[in-house]
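Each chain, letter by letter, is given below.
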Amino acid sequence: MNASFDAPTIIRTKRDGGRLSDAAIDWIIAAYTDGRVAEEQMAALAMAIVFRGMDRAEIARWTAAMIASGRRMDFSDLGLPTVDKHSTGGVGDKITLPLVPVVAACGAAVPQAAGRGLGHTGGTLDKLESIAGFSAELPAARMREQLRDVGAAIFAAGELAPADAKLYALRDVTATVESLPLIASSVMSKKLAEGAGALVLDVKVGSGALLASEQQCRELAHTMVELGAAHGVPTHAFLTDMNRPLGATVGNALEVAEALEVLAGGGPPDVVELTLRLATEMLELAGIGDRDPAETLRDGTAMDRFRRLVAAQGGDLSVPLPIGAHSEVVTAERGGTMGDIDAMAVGLAAWRLGAGRPRPGVAVQAGAGIRIHRRPGQPVAPGEPLFTLYTDTPERFGAALAELDGGYRVGPTSLVSGADLVSGADPVSEAAARPLIIDRIVT
């Protein structure tokens with residue numbers, strides 16, 4: 001190992017706007033993984049990257065160094081086309097839960113290395129672990145067997161990109177989540193190491209996304225697509241709306257219950273729409289685009305795959321999903337039409353209730369979260385429930401309600417057109433009319 005490098009010099013270089021050399025990046029990632037660079041030093045470097053950024057070459061090298069910190073899996077001999085999906089994180093984003101079994105039911109294998117909550121965004125593993133007995137720790141041999149038998153496995157990254165696992169947890173508690181280079185390298189190091197033959201990315205745009213502007217999100221999507229291509233993994237990306245929460249629940253067990261509704265052929269329209277669009281893209285990249293993913297929801301084969309996946313990983317869906325022992329209902333002060341619901345406000349409120357963690361290693365509350373009773377554009381009567389908040393620790397309600405305050409509005413019914421009233425259609429606000437899928441990025 002090159003002894004000419006040290007953490008303070010590398011931190012200072014980036015702090016002052018300099019470019020990190022390939023050798024410096026290789027050294028800092030290896031030294032951090034081995035424990036020779038302290039957490040506070042990597043936190044300082046991450047903050048310098050947040051403010052100073054990285055160019056494309058730095059991002060590519062940072063990503064490669066994180067992949068090299070662990071093992072890279074290979075499923076080329078599996079006998080099934082492999083494809084995966086990753087979301088950059090959102091509020092109420094439970095899409096992985098119905099999507100993976102839908103794609104598996106269509107004949108592809110989905111090896112999904114998933115993460116835990118990051119900042120105000122939920123984590124797939126936290127959600128799945130709200131199912132009694134579910135384990136995300138899968139030995140490699142067992143994972144390969146499960147992929148052949150079930151067509152899907154959702155697991156903790158483990159030995160994949162261990163440098164990212166450490167940095168991921170550090171970013172969560174040091175306000176260094178919102179960085180294009182750190183997001184791109186984190187996502188792609190895990191996804192390229194897991195060995196899927198193709199990848200579809202869901203890049204969130206809006207108030208609840210990790211990056212603030214659509215321009216930044218587009219740059220992130222292009223960066224990750226290019227990183228995938230450079231490593232020989234065909235990668236497509238979608239920009240999708242995250243100004244409002246996805247679906248009608250935010251939290252861990254609450255979102256599992258909603259995913260089960262989707263798999264049973266129901267569920268919120270936006271969750272169903274995004275699940276099927278991403279599934280279609282994944283199947284096309286996997287070379288089996290002639291399959292209809294919607295049919296798997298209608299005929300129950302996707303639900304069957306999900307139940308088999310959960311059972312294979314020790315989960316028991318016959319045990320009722322947990323729900324917070326205490327609840328608080330937010331009601332409408334006046335009637336009208338539900339306007340915009342700010343995803344960030346809802347995400348932070350759920351985090352305050354215990355659905356997320358304040359520091360690494362802290363357990364989340366499986367039953368904490370928020371149920372949204374009225375979606376943008378729907379009519380609201382005075383005194384009607386708008387949100388129900390759940391937690392096991394009622395002293396959290398005050399902070400959660402403060403986060404939610406101002407994060408939604410109820411507008412006058414006079415904003416609704418006469419045509420809508422005559423037709424009996426639900427009132428459509430500007431928020432409700434916003435497209436869920438903004439763009440598709442291929443190259």
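Right above here is the structure, for reference.
Residues numbered from 1 in each chain as written. Predicted model: local features only at pLDDT ≥ 70, side-chain atom pairs only at ≥ 80, totals over all residues. Heavy atoms only, no water.

Explanation requested: the packing of aromatic side chains in the structure shown.
For any pair of aromatic rings, the description consists of the separation of the ring centres together with the inter-plane angle of the planes. Enumeration according to the criterion identifies two aromatic pairs in this entry. Here the aromatic rings of phenylalanine 5 and tryptophan 27 are separated by 6.4 Å at their centres, their planes lie at 35°, and the arrangement is tilted. Of the two residues, phenylalanine 5 sits in the segment before helix H1 (7-15) while tryptophan 27 sits in helix H2 (residues 22-34), which places them 22 residues apart along the sequence. (Phe/Tyr/Trp six-rings, centres within 6.5 Å; stacked < 30°, edge-to-face > 60°. Helix = DSSP H or I, 4+ residues; strand = E, 2+ residues; numbered from the N terminus.)

Just checking my understanding: could you explain the nonpolar core for this structure?
When a protein is soluble and globular, its nonpolar side chains tend to lie buried together. Within the largest apolar cluster, 72 residues are counted, with the highest numbers of intra-cluster contacts made by Val103, Leu297, Ile370, Phe387 and Leu389. Element by element, the count of residues in this core is highest for helix H12 (residues 269-285), at eight residues. Mapped onto the domain boundaries, this core takes at least three residues apiece from domain 2 (83-319) and domain 3 (326-411). Beyond its immediate chain neighbours, meaning those up to four positions away, phenylalanine 387 contacts Glu328, Val329, Val330, Met338, Ile341, Ile370, Arg371, Ile372, His373, Leu404 and Tyr408. Of all hydrophobic cores here, the second largest spans 63 residues; its members include Val203, Val205, Leu227 and Val233. (Core = buried A, V, L, I, M, F, W, Y, C linked by side-chain atoms within 4.5 Å. Buried < 20%, exposed > 50% of the residue type's maximum accessible area, 1.4 Å probe, protein only. Domains from an automatic or database assignment. Contact = heavy atoms within 4.5 Å.)

Looking at this structure, I do not really get the pattern of salt bridges. What am I missing?
Between side chains of opposite charge, a pair can form when the charged atoms approach closely. Under the counting rule described, the total for this entry stands at 28 salt bridges. For aspartate 55, the salt bridge identified is with arginine 19, shortest N-O distance 2.9 Å. Within this pair, whereas aspartate 55 is found in the loop between helix H3 (39-52) and helix H4 (56-68), its partner arginine 19 is found in the loop between H1 and H2, the two being separated by 36 residues in sequence. Notably, a salt bridge pairs lysine 190 with aspartate 164, separated by 2.9 Å at the nearest N-O pair. A residue pair is termed long-range when its members are at least 10 positions apart, and lysine 190 in helix H9 (residues 180-193) and aspartate 164 in helix H8 (residues 162-172) qualify at 26 residues. Looking at lysine 190, the relative accessible area reads 7%, which means it is buried. Judged by relative accessible area, aspartate 164 falls into the buried class, the value being 2%. Because the salt bridges share partners, they merge into one network encompassing Asp22, Asp26 and Arg61. (Salt bridge = Lys/Arg side-chain N within 4 Å of Asp/Glu carboxyl O.)

What is the right way to look at the sheet that holds strand E9 (residues 369-372) in this model?
Strand pairs in the sheet, formed through backbone hydrogen bonds, run parallel or antiparallel to each other. The sheet built from four strands is open, its strands ordered E6-E9-E11-E7 with antiparallel pairing. Edge strands, defined here as strands with exactly one partner in the open sheet, are strand E6 (249-251) and strand E7 (326-331). Each strand of the sheet is rotated relative to its neighbour by a mean of 15°, with strand direction disregarded. Where E6 lies against E9, three bridges are found, and the strand directions are antiparallel. Paired with glycine 251 across the two strands is glycine 369, which belongs to E9. Running over the sheet, helix H11 (residues 253-263) touches E6, E9 and strand E11 (385-391) and is turned about 140° from E6. (Pairing = 2+ DSSP bridges. Axes fitted to C-alpha atoms, helices over the stretch in contact; angles between N-to-C directions.)

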